[in-house]
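Breakdown of the fold
The residues making up each chain are set out below.
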Amino acid sequence: MVESSIRFISRHGLHHEGIFRVSGSQVEVNDIKNAFERGEDPLAGDQNDHDMDSIAGVLKLYFRGLENTLFPKEIFHDLISCVSLDSLQERAMHIHKVLLSLPSPTVVIMRYLFAFLNHLSQYSEDNMMDPYNLAICFGPTLMSVPEGQDQVSCQAHVNELIKTIIIHHESIFPGPRELEGPLYDRGGVAEECSDGPHAEPPVSEDLVPDTVSEHHNSEDESEPIEAIARFDYSGRTPRELSFKKGASLLLYQRASDDWWEGRHNGVDGLVPHQYIVVQDTEDGFTERGSPKAELEVASDGPLAEEKVSARGSVSSPTGSHVADIYLANLNK
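Okay, so let's go over this structure. (Residues numbered from 1 in each chain as written. Predicted model: local features only at pLDDT ≥ 70, side-chain atom pairs only at ≥ 80, totals over all residues. Heavy atoms only, no water.)

Now for the overall build of the protein. Counting secondary structure elements, the protein contains 14 helices and five strands. Expressed as a percentage of its 332 residues, the buried residues of the protein come to 48%. Here the analysis covers contacts within the protein between residues at least 6 apart in sequence; of these, 73% occur between residues at least 24 apart. For the protein, the exposed surface amounts to about 16500 Å²; the carbon and sulfur share of it is 48%. (Helix = DSSP H or I, 4+ residues; strand = E, 2+ residues; numbered from the N terminus. Buried < 20%, exposed > 50% of the residue type's maximum accessible area, 1.4 Å probe, protein only. Contact = heavy atoms within 4.5 Å. Areas by Shrake-Rupley, 256 points an atom, 1.4 Å probe, with all protein chains shown as cover.)

Time to look at the side chain of Arg-254. Here Arg-254 shows up in strand S2 (residues 248–254). A polar contact is formed between the side chain of Arg-254 and the backbone oxygen of Ser-256, at a distance of 3.1 Å. A distance of 2.7 Å separates the side chain of Arg-254 from the backbone oxygen of Asp-257, its partner in a polar contact. (Polar contact = N/O pair within 3.5 Å; in protein donor to acceptor, adjacent residues only side chain to side chain.)

Sizing a probe to match a water molecule and rolling it over the atoms shows the empty space that remains. A complete count under the given rule lists one cavity of 30 Å³ or more for this structure. Considering only enclosed or pocket space, the largest cavity measures out at about 40 Å³ in volume. For the largest cavity, the full set of lining residues is Ser-121, Gln-122, Ser-124, Asp-130, Pro-131, Ile-228, Val-277 and Gln-279. (1 Å grid on protein atoms, 1.4 Å probe; cavity = no way out; pocket = protein on both sides within 12 Å on 5 of 7 lines; lining within 4 Å. Points joined across faces, edges and corners; volume = space filled by probe spheres on them.)

Moving on, we come to the packing of aromatic side chains. Counted according to the given criterion, the structure contains 11 aromatic pairs. One aromatic cluster is present, formed by Phe-20, Tyr-112, Phe-116, Phe-138 and Tyr-184 through successive ring pairs. (Phe/Tyr/Trp six-rings, centres within 6.5 Å; stacked < 30°, edge-to-face > 60°.)

The backbone phi angle of Met-128 is positive, close to 65 degrees, even though this residue is not glycine. With respect to the helices, strands and loops of the structure, Met-128 is situated in the loop between helix H7 (124–127) and helix H8 (131–142). A residue is classified by how much of its surface remains accessible, and Met-128, at 10% relative accessible area, is buried. The phi dihedral of Asn-265 falls on the positive side, at around 55 degrees, and the residue is not glycine. With respect to the helices, strands and loops of the structure, Asn-265 is situated in the loop between strand S3 (259–264) and strand S4 (267–272). A residue is classified by how much of its surface remains accessible, and Asn-265, at 69% relative accessible area, is exposed.

Spatial strand order, S4-S3-S2-S1-S5: five strands in an open sheet with antiparallel pairing. The strands lining the two open edges of the sheet, one partner per strand, are S4 and strand S5 (276–278). Averaged over neighbouring strand pairs, the angle between their axes works out to 40 degrees when direction is ignored. (Pairing = 2+ DSSP bridges. Axes fitted to C-alpha atoms, helices over the stretch in contact; angles between N-to-C directions.)

Below you can see the structure in the form of structure tokens.
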């Protein structure tokens, strides 16, 4: 059921607006679920005659219906504690170590699911489902908050954790050499996915200053924001960074309309704007040639108000502030 549903969405639904957030037809959800339980695969073949939201509902229903959630309660506190770490790389390493204690079949399912969610999030300009929004949809389904805990602060914590796993799934889960099992294959998607943007960015030598700012650690500067690579990019000059599709990058400031000053794998350089998706942030990065306006335009549509409401809610804090609240309650 998991592989078939994900395969269908990958082929036909990566651009579907509101995927996993918009409810499908309960009648169709039950029909598809019952067919799987009879040993049939109602999603086999290339026909696209099913309601996409209903298929997404079947996948969520499967995980919601597990006797024990995909992330066991026994590792809840160990996983949640990582949200207090400021470094996303340290978070990923912490999560990786905790998940090593789980049975191999469970980790295989996690690896498959989160590779798919990462792929899906790369189409967020169309489907409105970036890692944050996907985490909101899947957090309560994949990881339940133990009884006696503050449900509000803990759920925000869970969402932050799931978002981190979506973004950094490649460094969190073991590869095929370390763990045998099915791998999500984005290459087999019957979808019009280009290998790059419509046009190459202008040569960086012509558009930006001769040197990239070297000092980005000053406490007076705003925190960098995160971006995800939409396509592979090979730098054409020594100042341009090279990266793979799905890679996580840090952005310091806009160098021009086409370029960012940023960092990847510990190296500072220039990042082409049209090759990345800027992740939404609380402050919108407003003081440095902000992408906030672009993010707001991309959020136009029926989900925009939901997304703003979820982020702006006083009862839904995220990040290290939530970690402080949760850990303080845990130590009482």
